[in-house]
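Okay, here's what each chain looks like letter by letter:
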Amino acid sequence: MKIGILTSGGDAPGMNTALRAATLVAAERGIEVIGFERGYEGILEGRYRALTRASAASSAGLAPIYEVDVAGALGGSILGSARSKRFYTEAGRAEAAARLRQLGVEALLVIGGNGSLTGADALAREHGIRWLGIPSSIDNDIGCTATSIGVDTALNTIVDACDRISDTARAHRRAFVVEVMGRDSGYLCMAAAVAVGADAALFREDGRSEDELVEIVTRTVERGFTDDRGKRRILVIKAEGIEVPCTRLARRVQERLDARGEELEIRATVLGHLVRGGNPSFLDRMVASRFALAAVSALADGVSGEMVAWQSPLSGGIPTGDRSVTRFPLDRVLDETRALHDGRSQLVQQRIALMHAAAGVLAL
Ligand code: F6P
């Protein structure tokens, strides 16, 4: 059997760990692996490399190439990642299916987010190519799984960055608004705010207007810096999903502080892509490796059209040999993902309720 692996969509720390583990598991079972470069683009352009090679040391006669051995600890993706526009057309998928047949690839392991998994599903429906998905996105915005690859490392990076910003903020008795990634999900913002002891968390799911946000930040700064409370730094974490730019928010708050004659300063920092890089944490490596084991095992058993999930908050997942990993059909994943994005999901409701309950504590 021969399978293809690709990493697609925004990269996430742990993608390489999943790639390494999947190649090891496949090689041990005598499954050949080729890796496509830059996601689906690699299939269309015929850009790929063999990730396994013949080896007398292995009972199945295969072993990973050296590059895969060392990749597990690296951030980014050694295969490269892309959002392929061509693959999202029927003609592009027909071309991709023909290429895969030429290469003798029977199934794909797709490491990516919602868009990447939807692409694989269209390929399966139209051309019968089997696939399995491993959820990967620092944003934690993929349905059915408690976490996706990259979330833990991204949070560790945010915590580290906020600690550093807090050092300089305290030295000058300043307030900061720090923006973190998360176009469709405020998860990184909410989780980081609790972990760093921020004074407030601003996320799209809360549905606040720009004026309300300005009011919240102004109030938080004024209250925290009173002589009585005596804070030396105010940290507000804002999710990227809130369309008001970080700098505009800080400027409007500064104007209000100035108008009231307060001698307080506020600064804005956008962490941006900094948060997507870096070597994967222990947790991301462990989750990625266990995802890979379950996904390659399923592919070897003839399964298709499903995504592996970590400690799923939903019932009804298909069990695997790992108690923490279940599998969900793509339809269910996409339904739950939509609910996460538009706020219908119970999980989002619970997160918002928790953050509301925590708001007073954070601001104290
Ligand atoms: O990976 C998801 C994400 O990090 C979003 O939070 C962010 O909006 C987007 O990627 C940025 O993507 P790009 O790298 O294409 O600018």
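Above this text sits the structure in question.
In this text the structure is predicted, and so the values were computed from the model without any measurement. (Residues numbered from 1 in each chain as written. Predicted model: local features only at pLDDT ≥ 70, side-chain atom pairs only at ≥ 80, totals over all residues. Heavy atoms only, no water.)

Draft legend 1. A look at the overall build of the chain. The helix and strand inventory of the chain stands at 12 helices and 14 strands. Residue burial in the chain is summarised as follows: out of 364 residues, 56% are buried. Total accessible area computed for the chain in this model is approximately 15300 Å², and 49% of it derives from carbon and sulfur atoms. For the chain, the centre of its 44 positive side-chain charges and the centre of its 46 negative side-chain charges are spaced 2 Å apart. (Helix = DSSP H or I, 4+ residues; strand = E, 2+ residues; numbered from the N terminus. Buried < 20%, exposed > 50% of the residue type's maximum accessible area, 1.4 Å probe, protein only. Areas by Shrake-Rupley, 256 points an atom, 1.4 Å probe, with all protein chains shown as cover. Lys, Arg positive; Asp, Glu negative; His and termini not counted. Charge placed at Lys NZ, Arg CZ, Asp CG, Glu CD.)

Draft legend 2. Main features of the sheet that holds strand β6 (residues 107-112). Reading across from one edge, β3-β2-β1-β6-β7-β12-β14-β13 is the order of the eight strands in this open sheet, with mixed pairing throughout. The open sheet terminates on both sides in strands that have one partner only, identified here as β3 (48-50) and β13 (318-319). (Pairing = 2+ DSSP bridges.)

Draft legend 3. Focus on the environment of Val180. Relative to the helices and strands, Val180 resides in strand β8 (residues 174-180). Between the C-alpha atom of Val180 and that of Gly272, which follows or precedes it by 92 residues, the distance is 6.1 Å. Excluding its chain neighbours within four sequence positions, the residues that come into contact with Val180 are Ile158, Leu188, Cys189, Ile237, Lys238, Ala239, Glu240 and Leu271. (Contact = heavy atoms within 4.5 Å.)

Draft legend 4. Just the side chain of Ser166, in detail. By secondary structure assignment, the location of Ser166 is in helix α6 (residues 151-172). With sequence-adjacent residues up to four places away left out, Ser166 is seen in contact with Arg233 and Leu235.

Draft legend 5. Molecular detail of the site of the ligand. In the vicinity of the ligand, the residues found are Arg83, Asp139, Met181, Gly182, Arg183, Glu240, His273 and Arg276. A distance of 2.7 Å is found between an oxygen atom of the ligand and a side-chain nitrogen or oxygen belonging to Asp139. His273 places a side-chain nitrogen or oxygen 2.9 Å from an oxygen atom of the ligand. Out of a free accessible area of 400 Å², the ligand has 78% covered by protein chains. In the shell around the ligand, the residues fall into one nonpolar, two polar and five charged. (Near = heavy atom within 4 Å. Polar contact = N/O pair within 3.5 Å; in protein donor to acceptor, adjacent residues only side chain to side chain. Nonpolar A, V, L, I, M, F, W, Y, C, P; charged D, E, K, R; others polar.)

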